[in-house]
Amino acid sequence: MCKVVRFAAAARLRRLSTAIPGPCKVQKRGTDILHDPWFNKDTGFPLTERDRLGLRGLLPPRVISFEHQYDRFMNSYRSLEKNTRGQSDKFVSLSKWRILNRLHDRNEILYYRVLIDNIKEFAPIIYTPTVGLVCENYSGLFRRPRGMYFSAKDKGEMMSMIYNWPSDQVDMIVLTDGSRILGLGDLGVQGIGIPIGKLDMYVAAAGINPRKILPVMLDVGTNNQKLLEDPLYLGVRQPRWEGEAYLSIVDEFMEAVHTRWPKAIVQFEDFQMKWAFETLKRYRERFCMFNDDIQGTAGVALAGLLGTVRSQGRPLSDFLKQKIVVVGAGSAGLGVLSMAVQAVSRMSGGSETAANSQFFLIDKDGLVTTERSNLDPAAVPFAKNPRDLEGLSEGASVIEVVKKVKPHVLLGLSGVGGVFNAEVLKAMRESVSTKPAIFAMSNPTMNAECTAIEAFSHAGENIVFASGSPFENVDLGNGEVGHVNQANNMYLFPGIGLGTLLSGARHITDGMLRAAAECLASYMTDEDVQKGILYPSIDCIRDVTAEVGAAVVHAAVAEKQAEGHGDVGFKELANMSKEETVEYVRGNMWYPEYCPLVHEK
Ligand SMILES: NC(=O)C1=CN([C@@H]2O[C@H](COP(=O)(O)OP(=O)(O)OC[C@H]3O[C@@H](n4cnc5c(N)ncnc54)[C@H](O)[C@@H]3O)[C@@H](O)[C@H]2O)C=CC1
Ligand SMILES: CC(=O)C(=O)O
Ligand SMILES: [Mg+2]
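Please read all numbers here as calculations on a predicted model, not as lab measurements. (Residues numbered from 1 in each chain as written. Chains lettered and ligands numbered in written order. Predicted model: local features only at pLDDT ≥ 70, side-chain atom pairs only at ≥ 80, totals over all residues. Heavy atoms only, no water.)

Caption draft 1: Layout of the site of ligand 1. The local shell around ligand 1 holds 26 residues, among which Arg180, Ala329, Ser331, Met441 and Asn489 are the closest. Arg180 places a side-chain nitrogen or oxygen 2.8 Å from an oxygen atom of ligand 1. Measuring from an oxygen atom of ligand 1, one finds a backbone N or O atom of Asn443 at 3.2 Å. Contact with the protein chains removes 84% of the 860 Å² of surface that ligand 1 exposes when unbound. Secondary-structure elements contributing two or more residues to the shell around ligand 1 are helix H15 (292–311) and helix H16 (331–348). Of the residues that make up the shell around ligand 1, three or more belong to each of domain 2 (143–286) and domain 3 (293–486). (Near = heavy atom within 4 Å. Polar contact = N/O pair within 3.5 Å; in protein donor to acceptor, adjacent residues only side chain to side chain. Areas by Shrake-Rupley, 256 points an atom, 1.4 Å probe, with all protein chains shown as cover. Helix = DSSP H or I, 4+ residues; strand = E, 2+ residues; numbered from the N terminus. Domains from an automatic or database assignment.)

Caption draft 2: Fine view of the site of ligand 2. The local shell around ligand 2 consists of Tyr127, Arg180, Leu182, Lys198, Glu269, Asp270, Asp292, Asp293, Asn443, Asn488 and Asn489. Lys198 places a polar side-chain atom, nitrogen or oxygen, 3.0 Å from an oxygen atom of ligand 2. Take Asp270: an N or O atom from its side chain is 2.9 Å from an oxygen atom of ligand 2. Contact with the protein chains hides 90% of the accessible area of ligand 2, taken as 220 Å² for the molecule alone. Across the shell around ligand 2, the residue classes break down as 2 nonpolar, 3 polar and 6 charged. (Nonpolar A, V, L, I, M, F, W, Y, C, P; charged D, E, K, R; others polar.)

Caption draft 3: Geometry of helix H22 (residues 510–521). Compared with an ideal rise of 1.5 Å per residue, which puts 12 residues at 16 Å, H22 spans 16 Å between its outermost C-alpha atoms and is within 8% of the ideal. Of all 12 residues making up H22, 9 are buried, and the element is well covered by its neighbours. Taken together, the buried positions of H22 are Gly511, Met512, Leu513, Ala515, Ala516, Ala517, Cys519, Leu520 and Ala521. (Expected span 1.5 Å × (residues − 1). Buried < 20%, exposed > 50% of the residue type's maximum accessible area, 1.4 Å probe, protein only.)

Caption draft 4: Structural detail: the UniProt feature "active site" (unreviewed entry) in the protein chain. In the UniProt entry, the feature "active site" (unreviewed entry) is given for Tyr127 and Lys198. Over a stretch of 72 residues, the named residues converge on one spot in the fold, their C-alpha atoms separated by at most 7.0 Å. Inspection of the secondary structure assignment puts Tyr127 in the loop between helix H7 (119–126) and helix H8 (130–136). Setting aside chain neighbours within four positions, we find Tyr127 in contact with Gly197, Lys198, Met201, Asn488, Asn489, Met490 and Phe493. The topology assignment puts Lys198 in helix H11 (residues 193–206). Here Lys198 is in contact with Tyr127, Val174, Gln267, Glu269, Asp292, Asn489 and Phe493, once residues within four sequence places are set aside. In terms of polar contacts, Lys198 uses its side chain to reach the side chain of Tyr127, at 2.8 Å. (UniProt positions renumbered as here; feature names shortened; annotations may be inferred. Contact = heavy atoms within 4.5 Å.)

Caption draft 5: Seen up close, the domain arrangement of the protein chain. If you check the domain split of the protein chain, you get domain 1 (18–122), domain 2 (143–286), domain 3 (293–486) and domain 4 (489–586). When each unit is reduced to the centre of its C-alpha atoms, the spacing between domain 1 and domain 4 is 32 Å.

Caption draft 6: Local environment of the state of the cysteines. Inspection of the entire model under this criterion finds 2 disulfides. Paired by a disulfide, Cys2 and Cys540 hold their sulfur atoms 2.2 Å apart. On the sign convention where negative means left-handed, the S-S torsion of about -90 degrees between Cys2 and Cys540 marks this disulfide as left-handed. Pair noted here: Cys2 is in the segment before helix H1 (7–15) and Cys540 is in the loop between helix H23 (526–530) and helix H24 (541–558), with a separation of 538 residues, a long-range link. You can call Cys2 buried: its relative accessible area is 8%. Covalently, Cys24 is tied to Cys595 through a disulfide, its sulfur atoms 1.8 Å apart. (Disulfide = S-S within 2.5 Å.)

Caption draft 7: View of the pattern of salt bridges. On inspection of all chains with the given rule, the structure shows 37 salt bridges. Note that Lys274 is salt-bridged to Glu242, the shortest N-O span being 2.6 Å. Of this pair, Lys274 sits in helix H14 (residues 273–283) while Glu242 is found in the loop between helix H12 (225–229) and helix H13 (243–260), placing the two residues 32 residues apart along the sequence. A salt bridge links Asp526 to Arg310; the nearest nitrogen and oxygen atoms lie 2.9 Å apart. Of this pair, Asp526 sits in helix H23 while Arg310 sits in helix H15, and the two are 216 residues apart along the sequence. Exposure remark for Asp526: the relative accessible area of 48% places this residue in the partly exposed category. With a relative accessible area of 15%, Arg310 lands in the buried category. One network of salt bridges, in which partners are shared, links Asp363, Lys364, Asp365, Arg372 and Glu394. (Salt bridge = Lys/Arg side-chain N within 4 Å of Asp/Glu carboxyl O.)

Caption draft 8: Focus on the coordination of the magnesium ion (ligand 3). Protein coordination at the magnesium ion (ligand 3): the donors are Glu269 (OE), Asp270 (OD) and Asp293 (OD), at 2.0 to 2.1 Å from the metal. Summarised as a motif, the one-chain spacing of the donors to the magnesium ion (ligand 3) is E-D-x22-D. Of the two residues, Asp270 is situated in the loop between strand E5 (265–268) and H14 and Asp293 in helix H15; the sequence distance between them amounts to 23 residues. The pair formed by Asp270 and Asp293 is uniform in burial state, with each residue classed as buried. (Donors = N, O, S within 2.8 Å, 3.2 Å for Na, K, Ca; no water.)

Quick look at the structure:
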């Protein structure tokens, strides 16, 4: 249950609301409006509006209400489900994505309404896992462009190109270079599906106005040979730019964006590790930006890790005693470790180096120690000194580490499906925890370190389980249910973005990110957490985002980062109580309703 009214119920209440939304100005007339998904209402244009906007005769005469249009769409969706029964999962998922995408291309208000009202059902289609399939097949699926594409060929042109985007105001940008799309690797230009999916989540969860979002692909080539040889491939056919050439392209993009929209927030998404860390360091003091894979994931994982302590019926201070094995030393795994180590050192009042002792890091070459040659600088703080290890050495395998350490938590961010095999999961039965936790956080589903069924059947029924992509709860066969949590950064990035926007902060600080994570960590009740439910249902995503957004606003005020937003200045923000801040954030969420269109020359 959400903290306030269940979101879906709230949405239904709004459907019944009789308040008429204010007018929207449109510079177009006639068919140009019907072809513009921002303004198109399909058969929903009232007759007076048809007269005013030159639409008479361009539509069938009957005016269909919004509710009726909504029901018609859902009926076609249900028919599609029925008609594709028995087909392959891939076929069914892509068919569902296509029907939603066609609506997105045609009528944004209706699209976002069905998305918001049915977020639990549609998130797995517009987001992980189906978005991964869409990216893999993007060149073949491509019908219409969405967002902007800046390529290596546009060097020197970006400052003017940015003005080709039709919206005067952009608040939220999600940017990728396609180099590490989920656990699917380098997908080049096809990775644009990720910014589109993430921004759909921004609209659904944070109520960012869809006219103020911008998905961006920075296409600097691809090292994916299969794509380079694919005649349908739509990206630049060249190996990826590297070094200074690469950075100069990203610099140019960031300058162009902030020249046109100085307050736009840029979320970096699915960059390969070296550029994820490098760009975060390069831009976080200069622009309002964050890296979701490093920072958003870290907060969601930390909230989950604190939840596992509560699930054992232990006080939070016991976090200092937890043994945690992280499998995957990439941008996500290292981001999680660095936030978790900071939390431990804050709780203990000790140094971050001392805090490291409870964490074990494993990458594709096994346990990471200081003996590793070519140790990545970002992993250095988490490398174990072999002197501190009893019976384990450099490169020890996952099973060796789990057997020896008997960790409270085994957390995967490796991008490799099945790494938590039956042997590893069975070894977790010897965990020192009363509720061993398995976090298989890699996406999409095929890349999860294990499935939910595997986890409950091999590691035991008393585990806590979380995955990055959704799995069904597991029937344990004894009348009990093994609860599946979705440990995905979607629980935080919308609130980080919205809170930053509404605070008017110029930068996203560690304190703002920490506030977001702590807010998520405290969202669930003790009763739920002790049942193994660490994260809220996705049905509550707007409510979660309102709380997280408010926590971010508060932190921005406390750190004197907030400059205010619109009519609400720093002083007003600083005078708001916690509840008032949540209401301020909630009240600024856009909600899809047809507005009366007024023609403006
Ligand atoms: N649930 C969530 O919210 C999030 C999930 N992810 C997922 O995490 C995965 C990794 O993302 P990044 O860290 O950005 O990737 P990355 O490519 O930067 O890092 C992958 C890491 O896994 C290690 N690895 C590869 N094979 C391994 C094996 N067999 N055993 C142990 N370690 C192995 C690599 O050495 C590397 O350290 C992806 O699947 C991504 O979808 C990423 C961000 C958020
Ligand atoms: C969820 C996410 O950001 C990822 O898998 O990369
Ligand atoms: Mg990502």
